[in-house]
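Listed here are the chains, written in short residue letters.
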Amino acid sequence: MKTKRIVMMLAAAAIGMSTQAKVRLPHLIGDNMVIQQQTDVRLWGWASAGKLVKVSTSWSRDVQSVKAGKDGKWLVKVKSPKASYEPLSITFDDGEPLTINGVLSGEVWVCAGQSNMEMPVKGFWQCPVEGYNQWVLESAQHKAVHSVKIPSIMRTEPQEDAQCEWRVCGPQTVSDFSATGYFFARVMHQALDIPIGLIEANKGGSRVESWLTKENLQKNTSDPTDSAAIAAKWPMDYHRSLLWGNGTFNPILNYTVKGILFYQGCSNVGDPGDQYSQRLKLLVEQWRQQFGLGEIPFYFVQIAPYENGDVNGDWGPKLREQQFKAAQIIPNSSIVCTNDLVYPYEFSQIHPTQKQQVGERLAWTALNRDYGFSEVLYKSSSYKDMKIDGDVVYIHLQDNYHSDAPFEDIRGFELAGEDRVFHPARAQHFWRQGGGYWDEAIKLTCPEVPNPVAVRYCFRNFQLGNVVNGANLPLFPFRTDNW
């Protein structure tokens, strides 16, 4: 009996050694993953120190070999094929082969930010997504859209792996996809007719500082980086600096991606000056450096109107103003305006129901800027300049695609005089020919403001205008004053 027990113990030990010796992959590298097409794709994992790992693929005869370091880590690059719907496989062999299947080659985008990016197709509690049943029923048409959700966790140190798995889009799975991400991928899939992969790494309520590294926080902010001090400063865990980036974003940084989609800002409302725009720029620089893929696209969403405790306050639009400024100082970036994507009754709803349009506008941006769809119009119009003539103000817009609509009943403009009190303005289209060209503007007047000095458009926490351009995209909120 004793001999039999010893034999069993030795067998168990041998099995344990075999398990430890077998190559281990991060959860992000697994069945049904989408790899970025026609590039050098990074694959990585762990094995016994010094162990030779061979990586072979179903689409190439090339075999990549690498030795695991002293810490057991290894990383190789393989050339990915042109996008297609052909299921691919990858084998990792350190003496005991491990194969992943159902791999597709296509375009891979990161879905980052806070709760409006995290919000799934099925919505949140008391926060539905418009058209839910339609999206479930048609999801089978987009089986080549795959998504992986990185669990939202906090860690004091950067993590290299996360418990996750790739999901294939369909009626049984799409409800848990990021709504904004899915609607982006849906349009991309239709337009490009290739697989689309989404990596969802986000956390509801997170601040821009939640994703900065310890080094960037120490150098550029006054936020603490000690875990106890972080918890003391931010009782609400979703506001905490550093920890979400360590736990939720760091595990994806080795993955080869096309670009980043970002929907965040609500938790930074009230930030002074241009603090948010500078820190968002810092975050983009950090992520680009960490991914090591060059100046990858960064497309982000301007937060929608929300009461923020006072519908007539201006701290919400001041954050939107900082977001607009960020798009001017971050290279290879673009911002989506959502000022029209809130229903009047949603003034106290921080998760508006119209997510389809948000994702579509992000997709139009990517299609125009990165995929050659030059005829797809993606820009919202914005303030260019103004001229004051007595009691009349003339406003010029840029990126309007030769159209400032609607033709009648223009709403959202306000005028103020030296007293700095704003009143609703009457807005009309204005044309005047002179010097061989047409001057087209929006003419503003207000009986209560005989000597106007400043203009605002939708510059209140919750104020809905109706000005759109030739692409039927909304005018960015703006102010001409700095009060």
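This text gives an overview of the structure that appears in the document.

The rules behind each value
Residues numbered from 1 in each chain as written. Predicted model: local features only at pLDDT ≥ 70, side-chain atom pairs only at ≥ 80, totals over all residues. Heavy atoms only, no water. Helix = DSSP H or I, 4+ residues; strand = E, 2+ residues; numbered from the N terminus. Buried < 20%, exposed > 50% of the residue type's maximum accessible area, 1.4 Å probe, protein only. Contact = heavy atoms within 4.5 Å. Areas by Shrake-Rupley, 256 points an atom, 1.4 Å probe, with all protein chains shown as cover. Axes fitted to C-alpha atoms, helices over the stretch in contact; angles between N-to-C directions. Parallel < 35°, antiparallel > 145°, perpendicular 65-115°, else oblique. Left-handed = near helix turned anticlockwise from the far one by under 90°. Nonpolar A, V, L, I, M, F, W, Y, C, P; charged D, E, K, R; others polar. Pairing = 2+ DSSP bridges.

A word on the overall build of the chain. Secondary structure summary: the chain contains 10 helices and 21 strands in total. Burial statistics for the chain: of 483 residues in total, 53% are counted as buried. Expressed as a percentage of contacts within the chain between residues at least 6 apart in sequence, the contacts between residues at least 24 apart total 72%. By element, 50% of the accessible surface of the chain is carried by carbon and sulfur atoms, the whole surface being about 21500 Å².

Once that is clear, we can look at the environment of Gly45. Considering the arrangement of structural elements, one finds Gly45 in strand β2 (residues 40-46). Placed 209 residues apart in sequence, Gly45 and Asn254 show a C-alpha to C-alpha distance of 10 Å. If we ignore the near neighbours within four places in the chain, the residues touching Gly45 are Arg24, Leu25, Pro26, Gly72, Lys73 and Trp74.

Okay, the packing of helix α8 (residues 275-291) against helix α9 (residues 315-329) next. One can describe the packing of α8 onto α9 by two numbers: an axis separation of 8 Å at closest approach and a directional angle of 40°. When the axis of α8 is compared with that of α9, the two are oblique. When the axes of α8 and α9 are compared, the crossing they make is right-handed. On the side of α8, the interface is formed by Gln275, Tyr276, Ser277, Gln278, Leu280 and Lys281, while α9 contributes Leu319, Gln322, Gln323, Lys325, Ala326 and Ile329. Of the residues in the contact of α8 with α9, the class split is five nonpolar, five polar and two charged.

With that settled, the discussion passes to the pairing of strand β14 (residues 382-389). With seven bridges connecting them, β14 and strand β15 (residues 392-398) associate as antiparallel partners. Paired with Ile388 across the bridge in β15 is Val393. The antiparallel hairpin formed by β14 and β15 contains two residues in its connecting segment, where Gly390 sits at a positive phi of about 70°.

Let us look at the packing of helix α4 (residues 179-192) against helix α10 (residues 356-370). Direction vectors running N to C along α4 and α10 enclose 45°, while the axes themselves pass 7 Å from each other. The angle between α4 and α10 falls in the class oblique. As α4 packs across α10, the resulting crossing turns out to be right-handed. Taken together, the residues of α10 that come into contact with α4 (itself represented by Thr180, Phe183, Phe184, Arg186, Val187, Met188, Ala191 and Leu192) are Gln356, Val358, Gly359, Glu360, Leu362, Ala363, Trp364, Ala366 and Leu367. Class assignment of the residues belonging to the contact of α4 with α10 gives a composition of 12 nonpolar, three polar and two charged.

Backbone-to-backbone hydrogen bonds pair the strands of a sheet. The strands run either parallel or antiparallel. Here we have four strands laid out as an open sheet, ordered β17-β16-β20-β21, and antiparallel in their pairing. Both edges of this open sheet fall to β17 (422-424) and β21 (478-479), since each of them pairs with a single strand only. Across four bridges, strand β16 (residues 413-416) lies against strand β20 (residues 454-457) in antiparallel orientation. When the bridges of β20 are listed, Phe413 appears paired with Tyr457.

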